[in-house]
Amino acid sequence: SLAAEHTSPGYRPINEDQLPSVDSPLFTEVLSRDKAHALTEIDSSEGLCASWPELDDLEAKSMLVVRTSYLDKPNGIIVLQQCSHQRKWSTDELLLIDQVAAQVGIAIAQTDLHQREEHHRIALEQAKQHAEVANKAKSEFLAKITHELRTPLNAILGFCQLLCRDDETTANQQETLSIINSSGEHLLALINDVLDMSKIEADCLELNQDTFDVRDLAESMRGMFRFRAEEKSLTLSVSVDSDVPRRVTADVGKLRQTLINLIGNAIKFTESGGIMLRVKAQAALKDHCTLAFEIEDTGKGIDEDE
């Protein structure tokens, strides 16, 4: 017996014996129809041995050839040889090889589909990995550049505040400096948001633990927003329960940033009444305590659909 294959460009062969071509008149005829083609005398098939010289080594006398296909598209050829003598193939043999070819054609199509899906999966995985590498590089760049931007911006804000306190600064200059300062503060807040987001994406967000006084933090929030609240005739109150520890260890910078965002929004969306900051102690353990920071306002609140 002889097992050989012919592969189209782009397909990986699975058999060492390769057919250089299937462009013989016999193969062309076989590929054009679903029924088996029987050859009682191989010598009578012109050009067959030229396209498949291994037949000479087998000394094949007769041959049965049928295509395999799927959805009427050929995807292979099955060849049976009788090498001991010339053979007249029976009707049952022709019917059997046709049925076998139909099943093999489906199997080949399924294997080909599986290979295509596997190639597609590998391509998607590689694309995902490239995207993740690019995204991480972007996040690392943003984390570094935003940190570098804060340093000169803080210097600008510092000198701006010094000029605002200078008695020789005129009213018009004070107004200009106020615009510069408020714009700079807004830009700094945006940079801080970008910095935190890029650090999260780059997996380098750090928890900066520090010991601080909870009541001092709450009072500093009131002092920071007192003038903004007074400009809108709002009250700004602070309440810290008596069982709240005086000093705790946590990331005070991120806690302060969160409180600033919440209180700032409360003032922004409240037209009358006031804002209350409450600090409560919950679930106290031996060395740990869960603190609840609540911001309540008399504003319009958030719409149900939001």
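Here, every reference points to the structure presented above.
Anyway, here's the lowdown on the structure attached to this text. None of these values were measured; they are calculated from a predicted model.

A short note on the overall build of the chain
A count of helical and extended segments in the chain gives 7 helices and 8 strands. Burial statistics for the chain: of 306 residues in total, 25% are counted as buried. A fraction of 62% describes how many contacts in the chain between residues 6 or more apart in sequence connect residues 24 or more apart.

Points about the environment of Ile 108
Along the chain, Ile 108 turns up in helix α4 (residues 91-164). The spatial distance from the C-alpha of Ile 108 to the C-alpha of Ser 69 is 8.4 Å, given a sequence separation of 39 residues.

Description of the nonpolar core
Nonpolar side chains in soluble globular proteins tend to be buried together. Formed by 20 residues in total, the largest nonpolar core has its most connected members in Ile 263, Ile 267 and Leu 277. For this core, the elements supplying multiple residues, two or more each, are α6 (214-231), β5 (235-240), α7 (252-268) and β7 (274-282). Here this core gets 6 residues from one element, more than from any other, and that element is α6. Residues in contact with Ile 267, not counting those within four places in the same chain, are Phe 225, Arg 228, Ala 229, Lys 232, Leu 234 and Ile 275. Counting residues in hydrophobic clusters, the runner-up holds 9 residues, among them Leu 26, Ile 42, Val 65 and Val 79.

Brief notes about a negative patch on the surface
A cluster of acidic residues, Asp 303, Glu 304, Asp 305 and Glu 306, forms a negative patch at the surface. Among the secondary structure elements, Asp 305 is positioned in the segment after β8 (290-297).

Observations concerning the pattern of salt bridges
With the rule as written, the count across this model stands at 10 salt bridges. In this structure, Arg 226 and Glu 230 form a salt bridge, with 3.5 Å as the shortest nitrogen-oxygen distance. With Arg 226 and Glu 230 both in helix α6, this residue pair falls 4 residues apart, about one helical turn. Take Arg 226: its relative accessible area is 37%, and that puts it in the partly exposed class. On the basis of relative accessible area, Glu 230 is assigned to the partly exposed category, the value being 44%. One salt bridge in this structure joins Glu 271 and Lys 232, with 3.7 Å as the shortest N-O distance. Highlighted residues: Glu 271 in the loop between α7 and β7 and Lys 232 in the loop between α6 and β5, separated in sequence by 39 residues. We classify Lys 232 as partly exposed; its relative accessible area is 26%.

Remarks on the sheet that holds strand β1 (residues 37-39)
Taken together, 3 strands build an open sheet; the order of strands is β1-β2-β3 and the sheet is antiparallel. Whereas interior strands pair on both sides, the edge strands pair on one side only; in this sheet they are β1 and β3 (73-82). For this sheet the average axis-to-axis angle between neighbouring strands, irrespective of direction, equals 15°.

Examining the side chain of Arg 67
Locating Arg 67 in the fold gives a position in strand β2 (residues 62-70). Here the side chain of Arg 67 touches Asp 72 through a polar contact of 3.0 Å, side chain to side chain. Residues in contact with Arg 67, not counting those within four places in the same chain, are Val 30, Leu 31, Ser 32, Arg 33, Asp 34, Asp 72, Pro 74, Gly 76, Ile 77 and Ala 101.

Calculation rules
- Residues numbered from 1 in each chain as written.
- Predicted model: local features only at pLDDT ≥ 70, side-chain atom pairs only at ≥ 80, totals over all residues.
- Heavy atoms only, no water.
- Helix = DSSP H or I, 4+ residues; strand = E, 2+ residues; numbered from the N terminus.
- Buried < 20%, exposed > 50% of the residue type's maximum accessible area, 1.4 Å probe, protein only.
- Contact = heavy atoms within 4.5 Å.
- Core = buried A, V, L, I, M, F, W, Y, C linked by side-chain atoms within 4.5 Å.
- Patch = residues over 30% accessible without salt bridge, like charges linked within 9 Å, V, L, I, M, F, W, Y side chains within 5 Å.
- Areas by Shrake-Rupley, 256 points an atom, 1.4 Å probe, with all protein chains shown as cover.
- Salt bridge = Lys/Arg side-chain N within 4 Å of Asp/Glu carboxyl O.
- Lys, Arg positive; Asp, Glu negative; His and termini not counted.
- Charge placed at Lys NZ, Arg CZ, Asp CG, Glu CD.
- Pairing = 2+ DSSP bridges.
- Axes fitted to C-alpha atoms, helices over the stretch in contact; angles between N-to-C directions.
- Polar contact = N/O pair within 3.5 Å; in protein donor to acceptor, adjacent residues only side chain to side chain.

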